[in-house]
Amino acid sequence: MKIDKPVNGNYCGTVVEIKNIIPLENCDNVVATNIFGFQAIVSKDTKIGDVGIIFPAETQLSDEYCYENNMYRHADKNRDGDEGLRGYIEDNRRVKAIKFRGHNSSCLFVSLDSLAFTKIDKDLFSVGDEFDALNGKEICRKYEVFTRSQRGGATAATKKFVRVESMHMPEHFETSQFHKWGHEIPDDKEVVITQKLHGTSIRIGHTIVKRKFNFIENILSKLGVQILPHTYDYVFGSRKVIKDVNNPYQDHYYSVDIWSQEGKKLQGLLPENYLVYAELVGYTNEGAAIQKDYTYSIDKGTCELYVYRISIVNSQGHMTDLTWSQVKDFCNSVGIKHVPELTVVKKSDLKIEDFMDKRYFESGYKNCLYLGKNDMVDEGVCIRVEGMTPKIYKAKSPLFFEHESAVLDSGEEDLESTQTHG
């Protein structure tokens, strides 16, 4: 059986085998199991060797999947209605990190029987199979906040003349879950461990942009005079949206544009074709936290920029990355900050659990950002493996997953979520 590759491997269903069972204090009917570094709370009837599906926290299940399996908390949304069993999935269908009687649960484990409605024989699945759709039926996707711009608000730019091609300002690649994919890293490979900062992503490029010909240039061009159609300029963007505020032919309706505001501070510092990826943490000028409860003791009304990747993008869009050592050297040479480095070790010597549910500065990593008094624990770490394009993995703390779920439950929008779409 061929299964199409999921759109996002971090937020998909994965066929897994139960490898361990963990008794839980004060729980008679459930036990726990660890899968990919996540803990799932499962029925006490679950046994080692059982095969099922895991959905990590912040995955959104499809309406049909929840309906067919009576998973909704509101029985009227389930196939069997009030006559059947109801589940505990809310109407937004989000898999949440929760605490059950004091025990963490940061993923959902379900039976392969839940896929019966797709008409695919469950015996055809193998451990390790990944999917977000089967037989033309959606199963899940990454949960995204429904933002004001998606409701029709005028928060995005209306583009008239587009100067920047996406190949010259590419988005940062999706980082893989270390707990799920860390086995890919050879044991003798050196890895760089950095503090994962919880803010909003920013791209800053000194890159190729199209020129809009003036009246005379248009005439000369039509007469066969060769006029350069491109030049170099600084362009700024969030993770998903290119702002290009330097384009005089573009209307701008951003209520908050911290990306252009902070990106302009690097003008004159980057060589041509350089593209910087960084994280902004702290506050907006108006004093709003970029991320709730993660302001890193930064003064209100200010923010700080921390670089985690630098690429060189040529005119054809081919990318070459600076090594981590070169990233640090470049940042130091121009007077900007890079994300704090915790350690460099061989993969075989890495104990990722040592970095979970910790406040790094208070654990002895004095070059790390200091969490504010309201900040729970550090989000986690990034694990970087060098290459022509580096491979970067993320490992998030279970306690941070709980915080992230609570913020999403509150319905509050953060700057990162409002930048999902242009």
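The residue numbers shown here count from 1 along each chain, following its written sequence. Reporting of local features is limited, given that this is a predicted model, to residues whose pLDDT is at least 70; pairs of side-chain atoms are given and counted only at 80 or more, and all residues count toward the totals for whole chains, interfaces and linings. Excluded from the side-chain calculation are hydrogens and water; included are all heavy atoms of the structure.

> Is there a simple way to think about the layout of surface pockets in this case?
Using a probe with the size of a water molecule, rolled over the atoms, empty space left in the structure can be pinpointed. Taken as a whole, the second largest pocket holds about 540 Å³ of empty space. A run of H or I in DSSP becomes a helix once it reaches four residues, and a run of E becomes a strand once it reaches two; helices and strands are each numbered from the N terminus. For the lining of the second largest pocket, the element with the most residues is strand β8 (residues 107–111), which contributes five residues. Only Asp, Glu, Lys and Arg are considered charged in this grouping, and only Ala, Val, Leu, Ile, Met, Phe, Trp, Tyr, Cys and Pro are considered nonpolar; every other residue, Gly among them, is considered polar. A breakdown of the residues in the lining of the second largest pocket according to their chemical character gives 12 nonpolar, four polar and four charged. Grid points spaced at 1 Å and placed over the protein atoms alone form the basis of the search, with a cavity being a set where a 1.4 Å probe fits but cannot get out and a pocket an open set showing protein on both sides within 12 Å along at least five of seven lines. Lining residues have an atom within 4 Å of a point. Grid points are joined across faces, edges and corners, and a volume is the space filled by probe spheres set on the points.

> Help me understand the pattern of salt bridges, please; the structure alone is not making it clear to me.
Pairing between side chains of opposite charge can happen when their charged atoms approach one another. Whenever Lys or Arg places a side-chain nitrogen within 4 Å of a carboxyl oxygen from Asp or Glu, that contact is recorded as a salt bridge. Counted by the stated rule, this structure contains 23 salt bridges. Between glutamate 341 and lysine 328 there is a salt bridge, and its shortest N-O distance comes to 2.9 Å. You can see glutamate 341 sitting in strand β21 (residues 341–346) and its partner lysine 328 sitting in helix α5 (residues 324–334), a full 13 residues away along the chain. When its relative accessible area of 22% is taken as the criterion, lysine 328 is described as partly exposed. Beyond isolated ion pairs, a larger network of salt bridges with shared partners links Lys196, Glu379, Lys396 and Glu404. When a residue's accessible area, from a 1.4 Å probe over protein chains only, is under 20% of the maximum for its type it is buried; when over 50% it is exposed; and in between it is partly exposed.

> Would you mind showing me how to read unusual backbone geometry here?
Excluding glycine, residues mostly carry a negative phi; peptide bonds, for their part, are mostly trans. One non-glycine residue, arginine 101, adopts positive backbone phi at about 50 degrees. Relative to the helices and strands, arginine 101 is located in the loop between β6 (98–100) and β7 (103–105). What makes arginine 101 exposed here is its relative accessible area of 56%. Of note, the phi angle at lysine 119 is positive, near 70 degrees, even though the residue is not glycine. Counting through the fold element by element, lysine 119 comes out in the loop between β8 and β9 (130–131).

> For this particular structure, what's the right way to read α5?
In an α-helix, one turn spans 3.6 residues; hence positions three or four apart end up facing the same way. Inspection of α5 places Trp324, Val327, Phe330 and Cys331 among the buried residues, and these make up the whole buried set. Taken end-on, α5 shows its buried residues confined to a sector of 120 degrees, consistent with a single buried face. Exposed residues lying more than 90 degrees from the buried face of α5 are Asn332 and Ser333. Remark: glycine 335 follows α5 within two positions and exhibits a positive phi of approximately 80 degrees. It is the directions from the helix axis to the C-beta atoms that the arc portrays.

> Whenever I open this one, the packing of aromatic side chains confuses me. Can you help?
How two aromatic rings sit relative to each other is set out by the distance from centre to centre and by the angle between their planes. Only the six-membered ring of Trp is used, alongside the rings of Phe and Tyr, when aromatic pairs are assigned; centres must lie within 6.5 Å, and planes under 30 degrees apart are stacked while those over 60 apart are edge-to-face, with the rest tilted. For the structure shown, the criterion picks out 12 aromatic pairs. On the numbers, 6.3 Å between centres and 85 degrees between planes, the contact of phenylalanine 178 with tyrosine 393 is edge-to-face. Note that phenylalanine 178 is positioned in helix α2 (residues 178–181) and tyrosine 393 in strand β23 (residues 391–396), a separation of 215 residues in sequence. For the residue pair phenylalanine 178 and tyrosine 393, the accessibility class agrees, reading buried in each case. Summarising the aromatic geometry, the rings of phenylalanine 361 and tyrosine 370 are spaced 5.2 Å apart at their centres and angled 80 degrees between planes, so their arrangement reads as edge-to-face. With relative accessibility at 25%, the residue phenylalanine 361 sits in the partly exposed group. Through pairs of rings, three or more aromatic residues link up here, namely Phe55, Tyr65 and Phe117.

> How should I be thinking about empty space enclosed by the protein in this particular structure?
Taken as a whole and assessed by the stated rule, the structure comprises one cavity of 30 Å³ or more. What the largest cavity holds in volume is close to 50 Å³. Lining the largest cavity we find Gly9, Asn10, Cys12, Thr14, Phe36, Phe38, Ile54, Pro56, Gln177 and Lys180. Classifying every residue of the lining of the largest cavity gives five nonpolar, four polar and one charged.

> When you look at a nonpolar patch on the surface in this model, what are you seeing that I'm missing?
Only residues above 30% relative accessible area that lack a salt bridge enter a patch, with like-charged residues linked at up to 9 Å and the nonpolar side chains Val, Leu, Ile, Met, Phe, Trp and Tyr linked at up to 5 Å. Here, Shrake-Rupley sampling with a 1.4 Å probe gives the accessible areas, and only protein chains in the shown set may cover a residue. On the surface, Ile219, Leu223 and Val225 cluster together to form a nonpolar patch covering roughly 280 Å² of accessible area. Relative to the helices and strands, valine 225 resides in the loop between α3 (215–222) and β16 (230–237).

> Honestly, the sheet that holds strand β1 (residues 13–17) in this entry has me stumped. Any pointers?
For sheets, the rule is that strands pair by backbone hydrogen bonds, running either parallel or antiparallel. The sheet built from four strands is open, its strands ordered β8-β4-β1-β9 with antiparallel pairing. Each end of this open sheet is capped by a strand with a single partner; those strands are β8 and β9. Here, a strand pair is defined by DSSP locating no fewer than two bridges between the strands.

> Quick question: what am I supposed to make of the environment of phenylalanine 109 here?
Relative to the elements of secondary structure, phenylalanine 109 occurs in strand β8. Residue phenylalanine 109 is classed as buried on the basis of its relative accessible area, which comes to 16%. Distance from phenylalanine 109 to alanine 40, taken between C-alpha atoms, is 6.4 Å for residues 69 residues apart in sequence. It only takes one pair of heavy atoms within 4.5 Å for two residues to be counted as in contact. In contact with phenylalanine 109, not counting residues within four places along its chain, are Val16, Ile18, Ile35, Ala40, Val42, Val51, Gly52 and Ile53.

> Is there a simple way to think about the side chain of serine 114 in this case?
Positionally, serine 114 belongs in the loop between β8 and β9. The exposure class assigned to serine 114 is buried, which follows from its relative accessible area of 9%. One polar contact links the side chain of serine 114 to the main-chain carbonyl oxygen of serine 111, over a distance of 2.8 Å. With residues near it in sequence (within four places) discarded, serine 114 still touches Ile53, Tyr65 and Asn69. For the purposes of these results, a polar contact is taken to be a pair of N or O atoms within 3.5 Å, where, inside protein, one atom must be able to donate a hydrogen and its partner to accept one; residues adjacent in sequence count only when each atom of the pair is a side-chain atom.

> Just to check I follow, could you spell out the sheet that holds β23 for this structure?
Spatially, the five strands line up as an open sheet ordered β13-β23-β22-β14-β21, and their pairing is mixed. Edge positions in the sheet fall to β13 (176–177) and β21, since each has one partner strand and no second. Of the pairings in the sheet, the one linking strand β14 (residues 190–196) to β21 comprises five bridges and is antiparallel in character. If you follow threonine 194 over to β21, its bridge partner there is glutamate 341.

> Sorry if this is basic, but what is going on with helix α6 (residues 398–410) here?
For α6, spanning 13 residues, the distance from its first C-alpha to its last is 19 Å, which sits close to the expected 18 Å at 1.5 Å a residue. Residues Phe400, Phe401, Glu402, His403, Glu404, Ser405 and Val407 constitute the buried set of α6. Expected span, for any helix, means 1.5 Å times one less than how many residues it has.

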